[in-house]
Amino acid sequence: MKTGVILLAQGFPSDENQLDQYLTNLLPEGVDGSSAKGELANALRKIGGECPQGSIIQKQCAALDEALPIKVYLGMRLWEPSIYTAVAQAKKDQVGRLIGISITPQYAKGSVGACQELLKSVGKDMEIIPIWSWASHPLFINYWASQIKKGSTVLFTAPTMEKSKAGLYQNELQETIRAIQKRVSIEAHLAFHSIVPIPEPHTGPDLWEVIKLLRKRENIVIAPIGFTSDDLELLFHLDRHFKKRTEKLGVKWTRLPVPNSNPIFTATLARVVHSVL
């Protein structure tokens with residue numbers, strides 16, 4: 001049986017004109033998305049009007065395709081190319097078995113889980129092999145640990161999520177942090193953030209609340225371990241909004257880069273896929 005890989009992501013549009021369709025895909029039917037649209041549109045304008053996340057994910061997919069001996073397809077749950085499109089193309093290519101791996105390392109019911117469940121539904125007449133998590137893969141841990149100096153105060157961050165959609169999310173993030181701490185001795189904290197307010201109860205603590213607790217530190221290192229590509233949340237909310245507020249407290253802000261198209265990221269995904277081939 002011919003095997004392929006589908007790289008899974010939530011997805012996000014590149015510009016403001018596409019927000020209506022994105023919010024239609026994201027929100028339950030009947031929910032008013034006008035407030036969320038306003039928040040996202042404002043953030044997009046502040047970073048120059050275009051979000052690079054989609055093009056970065058395309059590059060991540062292309063790099064993984066080059067690294068593996070089998071075809072890699074890109075499928076997004078909330079944007080294009082969709083999981084429906086990817087599965088249709090795989091069937092056209094006579095692929096009978098699909099390995100699903102998310103660009104997000106840590107499992108959460110509402111992100112990785114939702115993508116995998118949709119893949120299972122769309123590819124119901126195929127053999128689907130889901131990879132649920134790679135939160136503590138040695139190469140992924142090495143990517144982050146190699147950027148962090150011993151003794152640093154590190155604030156690890158991830159997207160805020162409704163607790164009903166979180167599942168093992170916070171445990172998975174703590175697993176990543178513990179693995180990094182085995183490599184480098186640091187003062188570690190975890191916090192969550194989202195441009196669009198997330199309904200209570202949601203994962204916590206909130207990023208700004210933790211920053212205020214750390215206001216006597218001279219320097220805070222921000223490590224967004226819940227992200228693997230530069231998106232609107234990072235480029236606006238972290239790099240502009242929170243950075244400005246933190247520096248007003250007299251605290252130096254150092255945000256570490258996320259993997260994007262780093263070869264270590266490609267190698268990590270490739271090794272995880274090889275483990276189930």
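Overview of the structure. (Residues numbered from 1 in each chain as written. Predicted model: local features only at pLDDT ≥ 70, side-chain atom pairs only at ≥ 80, totals over all residues. Heavy atoms only, no water.)

## So, the overall build of the chain
The test is simple: Put simply, DSSP H or I for four residues or longer makes a helix, DSSP E for two residues or longer makes a strand, and each gets a number counted from the N terminus. Exposure classes here rest on a 1.4 Å probe applied to the protein chains alone. A residue is buried below 20% of its type maximum, exposed above 50%, and partly exposed in between. Whether two residues touch is decided by their heavy atoms; if any such pair falls within 4.5 Å, the residues are in contact. Computed with the Shrake-Rupley method and a 1.4 Å probe, the accessible areas treat only the protein chains shown as cover for residues. Only four residue types enter the tally: Lys and Arg on the positive side, Asp and Glu on the negative side; His and the chain ends are excluded. In this description, the location of a charge corresponds to atom NZ of lysine, CZ of arginine, CG of aspartate or CD of glutamate.
A count of helices and strands for the chain gives 10 helices and eight strands. A principal-axis box enclosing the C-alpha atoms of the chain has dimensions of 60 × 45 × 35 Å. Among the 277 residues that make up the chain, the fraction classed as buried is 51%. Contacts in the chain between residues at least 24 apart in sequence constitute 80% of all its contacts with a sequence separation of at least 6. Of the accessible surface of the chain, which amounts to about 13000 Å², a share of 49% is contributed by carbon and sulfur atoms. Averaged over its 32 positive side-chain charges, the chain has a centre that lies 6 Å from the centre of its 27 negative ones.

## Things to note about the sheet that holds strand 3 (residues 97-102)
For clarity, the cut-off: Any two strands are treated as partners once DSSP identifies two or more bridges connecting them. With axes taken as lines fitted to C-alpha atoms, and helix axes fitted only over the stretch in contact, angles between N-to-C directions fall between 0 and 180 degrees.
With respect to topology, four strands assemble into an open sheet ordered 2-1-3-4, the strand pairing being parallel. At either end of the open sheet lies a strand with only one pairing partner, and these are strand 2 (72-76) and strand 4 (127-131). Between one strand axis and the next, the sheet turns through 25° on average, direction left out of account. Of the pairings in the sheet, the one linking strand 1 (residues 3-9) to strand 3 comprises six bridges and is parallel in character. Looking at strand 3, one finds that Gly4 is bridged to Leu98. Sitting on the sheet, helix 3 (residues 53-67) touches strand 1 and strand 2, and the angle it makes with strand 2 is about 155°.

## Regarding the sheet that holds strand 7 (residues 219-223)
The strand order across the open sheet formed by four strands is 6-5-7-8, and the pairing between neighbours is parallel. The outermost strands of the open sheet, each flanked by one partner alone, are strand 6 (187-193) and strand 8 (252-255). This sheet shows a mean twist of 30° between the axes of neighbouring strands, independent of strand direction. Sitting on the sheet, helix 9 (residues 232-248) touches strand 5 (153-159), strand 6, strand 7 and strand 8, and the angle it makes with strand 8 is about 165°.

## Focus: the environment of Asp125
The cut-off we apply is this: Definition of a polar contact: a pair of N or O atoms within 3.5 Å, with one able to donate and the other able to accept a hydrogen when the atoms are protein atoms, and with sequence-neighbouring residues admitted only if both atoms are side-chain atoms.
Tracing the sequence through the fold places Asp125 in the loop between helix 5 (112-122) and strand 4. Each C-alpha atom, one on Asp125 and one on Gly33, is 35 Å from the other, the two residues being 92 residues apart in sequence. Engagement of the side chain of Asp125 in a polar contact is seen with the side chain of Lys91, the distance being 3.0 Å.

## Quick word on the pattern of salt bridges
What counts, and what does not: When a carboxyl oxygen of Asp or Glu is within 4 Å of a side-chain nitrogen of Lys or Arg, the pair counts as a salt bridge.
Tallied over the entire structure, the rule returns nine salt bridges. The partner of Arg217 in a salt bridge is Glu187, and the shortest N-O contact between them spans 2.6 Å. Highlighted residues: Arg217 in the loop between helix 8 (207-213) and strand 7 and Glu187 in strand 6, separated in sequence by 30 residues. For Glu187, a relative accessible area of 28% puts it in the partly exposed group. For the salt bridge of Lys212 with Glu209, the shortest nitrogen-to-oxygen distance reads 3.3 Å. Taken together, the residues Lys212 and Glu209, both in helix 8 and three residues apart, mark about one turn of the helix. A residue is classified by how much of its surface remains accessible, and Lys212, at 29% relative accessible area, is partly exposed. Under the relative-accessibility criterion, Glu209 is labelled partly exposed at 40%. Ionic contacts of the salt-bridge type, sharing partners, join the residues Asp230, Asp239 and Arg255 into one network.

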